[in-house]
Structures are given as C-alpha cells and as structure tokens.
Amino acid sequence: IYSCFCHICCKSVDSSVVSLFFFLVPQRQNATTNPSLYQKPFVESFEETPLLVAVLTYMGYGILTLFGYLRDFLRHWNIEKCHVAREREQQKDFVPLYQDFENFYTRNLYMRIRDNWNRPICSVPGAKMDVVERVTHNYNWTFEHTGTVVKDVINMGSYNYLGFAENTGACADAAVEVTHAYGAGVGSTRCEMGNLDVHEELELLIARFLGVESSMAFGMGFATNSMNIPALTGKGCLILSDELNHASLVLGARLSGSTIRVFKHNNMQSLEKLLRDAIVHGQPRTHRPWKKILIVVEGIYSMEGSIVRLPEIVALKKRYKAYLYLDEAHSIGALGPQGRGVVNYFGLDPKDVDIMMGTFTKSFGAAGGYIGGRKELIDYLRCHSHSAVYATSMSPPVAQQIITSMKIIMGEDGTSLGADRLRQLSENTNYFRRKLLDMGFIIYGNDDSPVVPLMLYMPAKIGAFGREMLKRNIGTVVVGFPATPIIESRARFCVSAAHTKEMLDTVSHARCFGTGSWA
C-alpha cells in the first residue's frame, strides 16, 4: 500500500493530484541568505519529506521492526536458525560485546537488503565496469559467486568525477614507469627511509595547484582528517562542526579532546550564534577565553549533494577571529573553473582558509589525502601529526598517478584534456540534474554538485531500486538509515566526465516494476 502511495507523491502526476499534494511539498527556491557575498546564483534544493510519505515510511519501518521481534522470538526458541553472532551463555553476566539495537537492526532490517552493497567488481571502475554475479541461498547471510560476470554496467556509484580511474592513457603509463623504477611500496615512514623525490615533487605541485605556501601528502584520506585535527586542537579549544560532517572529521574532533559544538547544516545563523556564545561565555565553568575556535566544514557534502556556503563562513570566521578547516574531499577537482575546489568555485582567496584538506581518491583516481596552508602550519604537522610520523609513505605509483592527473587538470601536459574534462563534468552534472527534475523526481543538493541524491523514502524501495537498476546494467548506490535520517532514504548518483550523454539518458530512462517510473 505505501509503495503505491509513494508513486503518487514521488513522480510526475496529473494536475488534480498535484493540487492535492502541492501544500505538502515546499517549492524549490534560492538558498542564498546573503547574495552580496556571491558572484553568481547559489541554488540548492532540499524539499521536505511529504507528510503522507513520512507517515507511510514510519509505518514501513514499524512493520519491519515488529516482524524482527517476531523472528527474534522464533530464534530464541530455536524455531528459526540464527546466523548472527550472539553472546555465549557463560558470558551473559559480562559486559556485552554487541549493542542490542544495532545488532537487531543488522540481522532483521539491513540483512534483507545486504545484497545491494559490497558487490565485487572485476574491472576498472570507470564509466562502465564489470560486476561479478553472486547469489544467496539463505536470505543474504552468505553469498556464492556463480562464475558469471555482468559486463558493461554503467557506473553511477564511483567518485570518478574527472574520469581518471582508467588503465590506459598518460596516468596509467606514468604509474607503470614509476613502479618499474621504485617498486610498489616504500616500507618506511617519511621521517625515516621513506621520503622519496616523487613525494617532494607531489607536495610542491599540490601547493602550486591550491595557491598556498606549502602542503603535505598522506597515504590515507580518512587518516588525513582523523589524525591531523588532534594535532591542531586540544583541551581548551572549541570545534564548531557542521552536523553533516564526514565520520573522519567527527572522529578527529573527538580524538582531539576539544569541546565540540554542532551547528545546523549550512545554517549561518546557527553558526554565528555558536560563535557569539563561545566568545561571550568562554569555556564552561571557568569562563576563560577559548585557546582557539576551529570551524570545520566540507566543500561538497557527499550524502546531500550540497555545497558549503564558503563566502559567508569566511566572513564569519574573519569577524569572530576563528580558524577555518575546509575538507575538500569531494570538491577538489570537481568544482571551479580550474578544478581547484570550492575556493576556486566561489572566486575566493586561498589564504582565507587556514587549513585546506582534500583527498586524491575521487577526482584524481588515486589514494591518500593532503593538507595545505601556511609553511609554519605544514612544518608543525610534519613533526606533530601521527599520520606524518608513524604512517608508511604513499606508494610511488599512487603518487605518480596524482602528479600526472594534477598536471593534466592544470594544463601542464601541453593538452586541453584537463579543461575538456572539467567542462564535460559540469555539462553532465547540469544535464543529469535537469533531466531528473523534468521527470518530476525529488533530488537534493546544489545545481553544480556532481553528487545527485534521488529520494526514495520507503524502506522497501531501497533494496528494490538497487536490484532493479542492476538488472538494467546500471550500478548505483542506495542509502538508508542510519546513514541518512529514517524518512530520507535515497539513491545517490555520482556523475563523471567519463559518462556520455547516451549513458545518462539510459540511466534517467530506466524503468522499475514496469510502471514507467523509477519510484
């Protein structure tokens, strides 16, 4: 029943139905609160969940929960076999190893749709990929490979924004050449025997690309956040974090021992209120001034497709004398006329951002991350960051992949390939988003964001959508609670410069359930 109602609320329908539900769905509008700080329109769409859909979604989760408790009852009496790990009888009085509700959710809700994740692929994750077919005979508890490979699946799930995930071309050739010269691994930290000339070349190139004094590269993007934030702040410091920040930023903030306060996503009034309160009241109990206040935000939020309101945050940061940590994992290479991220996108001065962080795992088709900023900052991190002192150096072929792809983006390879890919990504993003909107779907995020979340809402649609799309040779990512709010399940598409218009048309015209609609 609720699936039928969702068809009414989530696709293009006749005028009588539109008029019936019009009041439930806020209309698309310009999200800019201070237009004077922006050089061009800043448009983001976050339509609230229609009331009827929200009610039916809660009903769906409620029914799943009831059946989950019924199945747990059957497992308790050994009527149904239990495949999940459980506490041993002899250890029931010990501190539990498993959190009860998380375990309940995993075995009764997540397990029903587990086949939509961790699908093995056996090719380059480019615009198209090959997926290894697998089957389950026990309702997704275990999987078996059939030996069949599903060929030419359109890849709408990888963060391959500029199409550098490839095994041919300049990047692949350069990586192979460096592998022959240096080998695949280093076997040491940068502080000992693992500092290669290719690493120093990479860091000089990153600094030039970002327009900052200095930079430092790390072998893992997640650790770039989680291990460097504790080196920058500590007890007596305040971190103001966007509520939708990535887990690596959250972990880094917690490990630092700083006080953490969260502001509403991209809400400048919420951030300014926290800044004012922090300055007026100071630290709890003692009311001493904070040693430092660090604002932590992302360039593109990977689950929402939204872009940070950087001009307004920079203005607040300057007004209240705070520091700014900008995570450009998804925006570097994907935004801006020269592909230099959200700072370039808004036409701001890189010096306005105190700590510029990003990863090489998306637009550069490689691995690792970087920190860029003033030379004093980078020199400090080289001595105090756990990622710098204890982690093994970046693999030489990975470093060369980054160098080659970055030079292509900058146009230093003597071709227009980088500019062409940047332009193609922008065109593909605008085309795909406009196509979905014209078809009547509810999508989230900024018009220029290559991350395109399409709202599904219903829990039953999470699994069905992913399976039906794969049947049509389209690989995509479906996301539900707890990664999103419980009533905001979605499919997330990542647009790439490697996609052709024909591929995007194929995806946008895919039909599920024979109803003429995705939903």
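Being a predicted model, the structure only gives us computed values, none of them experimental.

> Please give an account of the pattern of salt bridges that cites residues and values.
Inspection of every chain in the model, using the stated rule, returns 25 salt bridges. Here Glu412 ties to Arg208 by a salt bridge, and the two come within 2.4 Å at their closest N and O atoms. Of the two residues, Glu412 sits in the loop between helix H14 (396-410) and helix H15 (417-438) while Arg208 sits in helix H6 (residues 197-210), which places them 204 residues apart along the sequence. Arg208 gets classed as partly exposed once you look at its relative accessible area, which sits at 46%. One continuous salt-bridge network, built from bridges that share partners, spans Arg71, Asp72, Arg75, Glu80 and Arg107.

> Residues and numbers for the packing of aromatic side chains, please.
By the definition in use, this model includes 15 aromatic pairs. With a centroid separation of 6.4 Å and an interplanar angle of 70°, the aromatic rings of Phe465 and Phe493 are classed as edge-to-face. Of the two residues, Phe465 is situated in helix H16 (residues 459-471) and Phe493 in strand S17 (residues 489-494); the sequence distance between them amounts to 28 residues. We note that Phe465, like Phe493, is buried. Feature note: the residues Tyr38, Phe42, Tyr345 and Phe346 constitute an aromatic cluster, connected by ring pairs. Directly above the aromatic system of Phe143 lies the positively charged group of Arg134, at a separation of 4.1 Å from the ring centroid. In this arrangement the basic side chain of Arg421 is found over the ring face of Phe164, its NZ or CZ atom lying 4.4 Å from the centre.

> Got a sec to walk through the sheet that holds strand S3 (residues 144-155)? Specific residues and values, please.
Here we have three strands laid out as an open sheet, ordered S2-S3-S15, and mixed in their pairing. Two strands lie at the open edges of the sheet, namely strand S2 (128-135) and strand S15 (474-475), each paired on one side alone. Bridge analysis of S2 against S3 gives six bridges, and the strand direction is antiparallel. Bridging across to S3, Met129 finds its partner in Val153.

Rules used in this analysis
Residues numbered from 1 in each chain as written. Predicted model: local features only at pLDDT ≥ 70, side-chain atom pairs only at ≥ 80, totals over all residues. Heavy atoms only, no water. Salt bridge = Lys/Arg side-chain N within 4 Å of Asp/Glu carboxyl O. Helix = DSSP H or I, 4+ residues; strand = E, 2+ residues; numbered from the N terminus. Buried < 20%, exposed > 50% of the residue type's maximum accessible area, 1.4 Å probe, protein only. Phe/Tyr/Trp six-rings, centres within 6.5 Å; stacked < 30°, edge-to-face > 60°. Lys NZ or Arg CZ within 6 Å of the ring centre and 35° of its normal. Pairing = 2+ DSSP bridges.

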